[in-house]
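Inside the fold
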Amino acid sequence: MKSTNKILAIAAVLLLITNIVLVSMMVTGKSKQERKGPGGKGDPFEMMVKELSMTDQQQKEYKQMKEEHLNSTKSLYDSLKTAKSAFFSLVKEEQVNDSLVNQYSERINEKQAALDKLLFAHFKRVRSLFTAEQQPKFDSFVQKMMQRGRRDSVKGR
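Before going into details, it helps to say that this report is about the structure given with it. (Residues numbered from 1 in each chain as written. Predicted model: local features only at pLDDT ≥ 70, side-chain atom pairs only at ≥ 80, totals over all residues. Heavy atoms only, no water.)

**A few points about the pattern of salt bridges**
Applying the stated criterion across every chain, the model contains 4 salt bridges. In this structure, Glu68 and Arg125 form a salt bridge, with 3.5 Å as the shortest nitrogen-oxygen distance. Pair noted here: Glu68 is in helix H4 (residues 56–89) and Arg125 is in helix H5 (residues 98–127), with a separation of 57 residues, a long-range link. Residues Lys74 and Asp78 are paired through a salt bridge, measuring 3.2 Å at the closest nitrogen-oxygen approach. In this pair, Lys74 and Asp78 are both assigned in helix H4, 4 residues apart and thus about one turn of the helix distant. (Salt bridge = Lys/Arg side-chain N within 4 Å of Asp/Glu carboxyl O. Helix = DSSP H or I, 4+ residues; strand = E, 2+ residues; numbered from the N terminus.)

Take a look at the structure:
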């Protein structure tokens, strides 16, 4: 039982670290050189512009939507970070009952679900910028980015 708890604690700490790094990268914004992914393809915006052949107007509207999205989610990311910090502070306690762990975990899940819903709504809004010909490419692009995000978080382990 203790080894299971250790594994869960280690996994939880790794997830926290991954989320903190991702949030800090989103908040501080990295230079284009630092954002380059595998193969040096560049940041997601540059890739999207190229793959979808975005017009100047689409790029301008996308940047505005992205800024609005980041502003609307900043406080939620901050509260998620705080909730995770409180949750993982329980690690130092000698005795922690399951109901308390579940309560803290549920708070984190609620905040993460809210962020996921906002991101989904953001993607739907962004999709509306594109022509009927561009939309399937955008759909594919979103799926690739989600897969890339999962791969990157797995590498962080």
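**Re the packing of H4 against H5**
The N-to-C vectors of H4 and H5 enclose an angle of 175°; their axes lie 9 Å apart at closest approach. Accordingly, the angle class assigned to the pair H4 and H5 is roughly antiparallel. Taken together, the residues that form the contact of H4 with H5 break down as 16 nonpolar, 6 polar and 5 charged. (Axes fitted to C-alpha atoms, helices over the stretch in contact; angles between N-to-C directions. Parallel < 35°, antiparallel > 145°, perpendicular 65-115°, else oblique. Nonpolar A, V, L, I, M, F, W, Y, C, P; charged D, E, K, R; others polar.)

**Description of empty space enclosed by the protein**
Rolled over the atoms, a probe with the dimensions of a water molecule shows which regions are left empty. Per the stated rule, a full pass over the model turns up 1 cavity of 30 Å³ or more. Its boundaries defined by the atoms lining it, the largest cavity holds a volume of some 50 Å³. The wall of the largest cavity is formed by Leu16, Asn19, Ile20, Val23, Tyr77, Leu80, Lys81 and Lys84. Here the lining of the largest cavity is built from residues that sort into 5 nonpolar, 1 polar and 2 charged. (1 Å grid on protein atoms, 1.4 Å probe; cavity = no way out; pocket = protein on both sides within 12 Å on 5 of 7 lines; lining within 4 Å. Points joined across faces, edges and corners; volume = space filled by probe spheres on them.)

**Remarks on the side chain of His122**
Along the chain, His122 falls in helix H5. Those residues in contact with His122, other than ones at most four positions away along the chain, are Met65, Lys66 and His69. (Contact = heavy atoms within 4.5 Å.)

**Notes on the nonpolar core**
Within the largest apolar cluster, 15 residues are counted, with the highest numbers of intra-cluster contacts made by Met48, Met54, Tyr62, Val126, Phe130 and Phe138. Secondary-structure elements contributing two or more residues to this core are helix H3 (44–52), H4 and helix H6 (135–155). Among the elements that line this core, the one with the most residues is H3, at 5 residues. In contact with Val126, not counting residues within four places along its chain, are Tyr62, Met65 and Phe138. Formed by 11 residues, the second largest nonpolar core is a distinct cluster that contains Ala12, Leu16, Leu76 and Ala83. (Core = buried A, V, L, I, M, F, W, Y, C linked by side-chain atoms within 4.5 Å. Buried < 20%, exposed > 50% of the residue type's maximum accessible area, 1.4 Å probe, protein only.)

**Describing a nonpolar patch on the surface**
On the surface, Ile10, Val13, Leu14, Ile17, Val21, Leu22 and Met25 cluster together into a nonpolar patch covering about 550 Å² of accessible area. Turning to its location among the elements, Val13 is positioned in helix H1 (residues 2–28). (Patch = residues over 30% accessible without salt bridge, like charges linked within 9 Å, V, L, I, M, F, W, Y side chains within 5 Å. Areas by Shrake-Rupley, 256 points an atom, 1.4 Å probe, with all protein chains shown as cover.)

**What to know about unusual backbone geometry**
Of note in the backbone geometry, Ser53 takes a positive phi value of approximately 50° without being a glycine. Along the chain, Ser53 falls in the loop between H3 and H4. What makes Ser53 exposed here is its relative accessible area of 52%.

**Looking at the side chain of Gln134**
If you trace the backbone, Gln134 turns up in the loop between H5 and H6. Within the structure, Gln134 has its side chain in polar contact with the backbone oxygen of Leu52 (distance 2.7 Å). Residues within four places of Gln134 in sequence aside, it is in contact with Leu52, Ser53, Met54 and Gln58. (Polar contact = N/O pair within 3.5 Å; in protein donor to acceptor, adjacent residues only side chain to side chain.)

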